[in-house]
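Residue-level structural notes
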Amino acid sequence: MSRGGRHVYAAVSVLAAGALVLSGCSKGGSSGGDNHKKDDTDAKRQQALIKFGDAAASTGPAAPVPGAKAGGTMEFLERDSPAHLDPAQIYTFAEGTIAPLLHRGLTGYKSTSDDGGRHEIVGDLATDSGTVSDGGRTWKYTLKDGVKFQDGATITSKDVRHSVERLFAPFLTKGPTYLQQWLADTAGTDYRKLLPDGPYQGKHLPDSVLETPDEHTVVFHFKKPVADLPYALAMTGYSIVEEKGDTKEKYDRAPLATGPYKIQSFKSGKSMVLVKNDQWDPKTDPIRHQYVDQFNVTFNQQYEMSTKALIADSGVDQTGVSLQNQVDAGNLSRVLSDSKLKSRTVAGYQPYVGQININMSKPELKDKKVREAIAYALPVTPFVRAYGGEAAMEVAGGLISPTVSGYDPTFDPFGKKKKPAGDPAKAKKLLAEAGKSGMKLTFAYINTPEGQQYSTAMAEGLKKAGFDVQRQELPAETYFDEVSKIHNNFDIFHTSWGADWPSASTVLPPTTDGRLIADGAHNYPQVNDAHVNSEIDRISAITDPVKAATEWEKLDKYLLTEVVHAVPTGYYKQVQIAGSKVGGLAYDDVLGGIDPRRLYVK
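Remember, predicted model here, so these are calculated numbers, not experimental data.

Thresholds, definitions, all that
- Residues numbered from 1 in each chain as written.
- Predicted model: local features only at pLDDT ≥ 70, side-chain atom pairs only at ≥ 80, totals over all residues.
- Heavy atoms only, no water.
- Pairing = 2+ DSSP bridges.
- Helix = DSSP H or I, 4+ residues; strand = E, 2+ residues; numbered from the N terminus.
- Phe/Tyr/Trp six-rings, centres within 6.5 Å; stacked < 30°, edge-to-face > 60°.
- Buried < 20%, exposed > 50% of the residue type's maximum accessible area, 1.4 Å probe, protein only.
- Lys NZ or Arg CZ within 6 Å of the ring centre and 35° of its normal.
- pLDDT = per-residue confidence, 0-100.
- Contact = heavy atoms within 4.5 Å.
- Axes fitted to C-alpha atoms, helices over the stretch in contact; angles between N-to-C directions.
- Polar contact = N/O pair within 3.5 Å; in protein donor to acceptor, adjacent residues only side chain to side chain.
- Salt bridge = Lys/Arg side-chain N within 4 Å of Asp/Glu carboxyl O.

Our next topic: the sheet that holds strand S11 (residues 271-276). With respect to topology, five strands assemble into an open sheet ordered S10-S11-S12-S3-S13, the strand pairing being mixed. With one partner strand each, in any of the chains shown, strand S10 (261-267) and strand S13 (320-321) form the two edges of the open sheet. The pairing of S10 with S11 spans six bridges and is antiparallel. Pairing of Phe-266 across the sheet is with Met-272, part of S11.

What follows is the structure in structure tokens.
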């Protein structure tokens, strides 16, 4: 998943019963010191097993948060306004942070500890995490009694069928594609051929693919074994949409909630108000709470702005918190060194890996030596520094995060761990050998203080190697929409991606499969390499998670040494702060940040 400046929503997955859990999404360095041991522990914990819960584990209500009480209003101070609210379009961190309050799917991640460090996959709208048969080819789900949309309509298997079938419609381009590809038994975007217009022309998936024999039962039939279905269905992108309430493209601005809160008002780029959904029944929900009466969300709050407000801790900011913003670089050391401020923080590793994408569709960038020159020239120090130094970021070597099985800490193809300021001399030599000295590069960047800072310094590093760099500012709200267009004018630009569950199968395929190149898709550099495509198919068929992890790491190395489509920048960490009257504060490993489902006003 991508994170605001990144693509985001981390979740963890199991490749086979009792297999390893892996995590995907996007994200933005102060001295780490004693934090390194904690970082290593956090990262390894996120590679641990996450079991599938039974019916008892899937029964609500959720375990009470110690000391929690009902009532009050809480303030959310957020940088990015969500570009999408339709769950099938949600695949970025900014959208994913609020989504758990609004949307529910067949399965979900239940926190089994108050520190957000342990989880299990349980039935959310379903009675359990799924019943599997036929060697992993058939999965059966039964809907709980009493689950409803905010308009009072009961959620039935028809709504689940509709929610799945609409994913094949051409207007839905932003969300995950795992389920669609598994059902169609195909890679890339060819899954749309199974139901080209979705359900909107009266056609449906055959019962041999998706079966709904009664109002409570849903059965998925796959041609090949699918071990990760409960993890995929826990993603926001597979939440349930009401059949009769589906307004197609318009649903993106006014979705019907199934979670404990609903949208009372939304002014894009400015504000949002969430109020209690009176149709939500806690007895059906083992994951969420509804302690707070109302959430007032204010957008366009940059990291420094929200940090200063929460440090000051006065007025409404005493009940303030940010789900997506981290403590800004300028205030991070102060916050971590002041015991009173630090007591109001939570921190953790995230599954996100940042990268500068090299647009492979550009004729002038098809020369590998030019791409290598970019890779060696780019300094990553400015990126790490922009987000707070070592306490917020670790210099990246490869594209697989320390939180994902298969991570190799020694892999550093462009020498960034030894020379984070870049190697302009080597880059200049490569550029001269390619006969491209003075070549123009358009560098698109997100118009945030951090984006301004790192892009300026990175551009200077590229200029030292002989590139003529032109920076181009893009609005934060539409940044990913712009850089994900096939025909864009950008040569290089930054994104970040985090595993959708702790497997590199949710990192490399969605971001480098050439058959996924499309407007709105997440193969940002537009990689289309025959070996990469065939390796994705081969490794995806490996059922042993340990063997698969090894093969994904080999593919990571091939991509960065032979294809050279991107330059890794940083492995993400995050420190977040809240007002003194915010209760239930916990950093959730799966969400990759503060868990909004357990918050209460003290």
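Counted according to the given criterion, the structure contains 26 aromatic pairs. Between Phe-52 and Tyr-231, the ring centres sit 4.9 Å apart and the planes meet at 50°, which makes this aromatic pair tilted. With Phe-52 in the loop between helix H1 (35-45) and strand S3 (73-77) and Tyr-231 in helix H5 (residues 229-233), the pair connects residues that are 179 residues apart, well separated along the chain. Taking the relative accessible area as the measure of exposure, Phe-52 reaches 30% and is therefore partly exposed. Measuring from centroid to centroid gives 5.5 Å for Tyr-479 and Phe-480, while their planes differ by 85°, and the two rings are edge-to-face. The same class applies to Tyr-479 and to Phe-480, which are both buried. One Lys or Arg, Lys-248, reaches over the ring of Tyr-200 and ends 4.8 Å from the middle of that ring.

Let's shift gears to the confidence of the model for the protein. Confidence in the prediction for the protein averages 91 pLDDT; 92% of positions are at 70 or higher. Long-range and interchain partners of residues 4-34, a stretch whose pLDDT sits below 50, account for 212 contacts in this model, where long-range means more than four residues apart.

This brings us to helix H3 (residues 157-165). Since there are 3.6 residues in each turn of an α-helix, residues three or four apart along the chain are aligned in direction. With eight of nine residues buried, H3 is to be regarded as a mostly interior element. Here H3 has its buried residues at Ser-157, Asp-159, Val-160, Arg-161, His-162, Ser-163, Val-164 and Glu-165. Contact partners of the buried residues in H3: helix H4 (178-184), strand S8 (210-214) and strand S9 (217-221).

With that settled, the discussion passes to the pairing of strand S7 (residues 138-142). The sheet contact formed by strand S6 (residues 131-133) and S7 spans three bridges and is antiparallel. Along S7, the bridge assignment pairs Ser-133 with Thr-138. The loop that links S6 with its antiparallel partner S7 comprises four residues; one of these, Asp-134, has a positive phi angle of about 55°. Here S7 pairs with S9 via five bridges, running antiparallel. Residue Lys-140 lies in a different strand from S9, and its bridge partner there is Val-219.

On to the sheet that holds S9, then. Taken together, the four strands give an open sheet; going across it, the order is S6-S7-S9-S8, and neighbouring strands pair in antiparallel fashion. Every other strand in the sheet has two partners, leaving S6 and S8 as the edge strands with one partner each. Averaged over all pairs of adjacent strands, the angle between their axes in this sheet comes to 20°, without regard to strand direction. With three bridges connecting them, S8 and S9 associate as antiparallel partners. Looking at S9, one finds that Leu-210 is bridged to Phe-220. H3 contacts S8 and S9 of the sheet and is inclined by roughly 165° relative to S8.

For Thr-569, the location among the structural elements is in strand S19 (residues 566-577). Judged by relative accessible area, Thr-569 falls into the buried class, the value being 1%. Within the structure, the side chain of Thr-569 is placed 2.9 Å from the side chain of His-494, a separation counted as a polar contact. Sequence-distant contacts of Thr-569, defined by excluding residues within four places in its chain, comprise Gly-354, Gln-355, Ile-356, Val-380, Phe-383, Val-384, Glu-394, Val-395, Ala-396, Met-458 and His-494.

Attention now moves to unusual backbone geometry. The linkage connecting Gly-60 with the following residue, Pro-61, adopts the cis geometry, with an omega of 0°. Mapped onto the elements, Pro-61 comes out in the loop between H1 and S3. A positive phi is found at Asp-313, a non-glycine position, where the angle reads about 55°. On the secondary structure map, Asp-313 appears in the loop between helix H6 (303-312) and S13.

Under the counting rule described, the total for this entry stands at 33 salt bridges. When the shortest N-O distance is used, the salt bridge between Asp-246 and Arg-166 registers 3.1 Å. In this pair, Asp-246 sits in the loop between H5 and S10 while Arg-166 sits in the loop between H3 and H4, placing the two residues 80 residues apart along the sequence. Each member of the pair, Asp-246 as well as Arg-166, carries the same accessibility label: buried. The partner of Glu-551 in a salt bridge is Arg-538, and the shortest N-O contact between them spans 2.7 Å. With Glu-551 in helix H16 (residues 545-563) and Arg-538 in helix H15 (residues 530-540), this residue pair connects regions lying 13 residues apart in the sequence. What emerges from the salt-bridge pattern is a single network uniting Arg-104, Asp-124, Asp-285 and Arg-288.

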